[in-house]
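Per-entry structural report
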Amino acid sequence: MAELIPAPFVELLTRLYEEMRAEQSLFALPRKKWYVPDPAGPDLSVRFHGTLAGNPSGPAAGPQTQMAQNLLLSYIAGGRILELKTVQVNDRLKIPRPCIDATNVGYNVEWSQELLVEQSLREYVAGMMLIEIFRRDPAFGASDQLSGPAGEIIYDLSVGYDLAGIRSEKVQRFLDGMRDAGREIERLRSQMPAKFKLAREL
């Protein structure tokens with residue numbers, strides 16, 4: 001059974017800067033493979049749910065859209081509408097993981113998620129923070145190209161799988177935390193070493 005274990009935020013942040021400095025890559029994606037839009041190129045932005053996204057592409061919900069570093073990688077590769085993995089009240093089920101296994105034949109085990117609900121909130125907020133750091137810090141060399149519409153991103157949230165679960169205190173607390181992530185942002189910001197001054201001030 002595969003288990004997803006979130007990395008500490010300070011480790012993700014340190015790797016973000018150190019790997020860029022040493023390897024010119026982010027989470028093993030080399031700079032030459034990043035999607036950095038040309039400001040003089042066509043406007044690919046779209047409106048989705050009344051919100052602007054830099055383009056209409058992005059990953060579908062699944063185990064890959066649960067981890068903070070994967071959300072950043074999706075963005076760096078060009079995704080601007082990130083469909084987050086569905087969160088639901090039954091987050092401690094003992095069933096096959098990952099819930100989608102497609103080595104040769106695809107199987108989907110519903111009523112499942114790899115992380116606990118509170119871990120999902122942390123990962124989604126941490127992923128958003130990593131993306132904003134990447135977009136805005138000149139150290140990554142893309143801030144000019146990503147400051148306008150081409151850099152805009154939508155996080156497409158999904159909860160399930162029945163109304164009783166959605167109305168549960170656990171899922172409502174998650175939804176409140178996603179609507180206003182200020183508390184989680186401050187918690188993660190407090191873990192940032194002082195050397196990441198620009199990131200801390202975003």
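Since we're looking at a predicted model, the values are computed, not measured. (Residues numbered from 1 in each chain as written. Predicted model: local features only at pLDDT ≥ 70, side-chain atom pairs only at ≥ 80, totals over all residues. Heavy atoms only, no water.)

With that settled, consider helix H6 (residues 169–179). Within an α-helix, residues lying three or four positions from one another point in the same direction, as the helix has 3.6 residues per turn. All of the buried residues along H6 are Val171, Phe174, Leu175 and Gly177. The buried residues of H6 occupy one face: seen down the axis, they fall within an arc of 160°. Exposed residues on H6 whose side chains face more than 90 degrees from its buried face are Glu169 and Arg179. Looking at the buried side of H6, the elements it contacts are strand S6 (87–88), helix H3 (117–136), strand S10 (159–160) and helix H5 (163–167). (Buried < 20%, exposed > 50% of the residue type's maximum accessible area, 1.4 Å probe, protein only. Helix = DSSP H or I, 4+ residues; strand = E, 2+ residues; numbered from the N terminus. Arc of directions from axis to C-beta. Contact = heavy atoms within 4.5 Å.)

Right, let's get into the nonpolar core. Ranked by size, the top nonpolar core spans 40 residues in total, and within it Leu16 and Phe134 carry the most contacts. Elements with a contribution of two residues or more to this core: helix H1 (9–23), helix H2 (68–76), H3 and H6. Ranked by residue count, the leading element in this core is H3, at ten residues. Setting aside anything within four residues of it in sequence, one finds leucine 16 in contact with Leu26, Phe27, Leu72, Leu130, Ile133 and Phe140. (Core = buried A, V, L, I, M, F, W, Y, C linked by side-chain atoms within 4.5 Å.)

We now examine the packing of H1 against H3. Axis separation between H1 and H3 bottoms out at 11 Å; the angle between their running directions is 25°. Comparing their axes, H3 and H1 come out roughly parallel. At the point where H1 passes H3, the crossing takes the right-handed sense. Facing H1, whose interface residues are Phe9, Leu12, Leu13, Leu16 and Tyr17, H3 presents Arg122, Ala126, Met129, Leu130 and Ile133. Here the residues of the contact of H1 with H3 are counted per class, giving nine nonpolar, no polar and one charged. (Axes fitted to C-alpha atoms, helices over the stretch in contact; angles between N-to-C directions. Parallel < 35°, antiparallel > 145°, perpendicular 65-115°, else oblique. Left-handed = near helix turned anticlockwise from the far one by under 90°. Nonpolar A, V, L, I, M, F, W, Y, C, P; charged D, E, K, R; others polar.)

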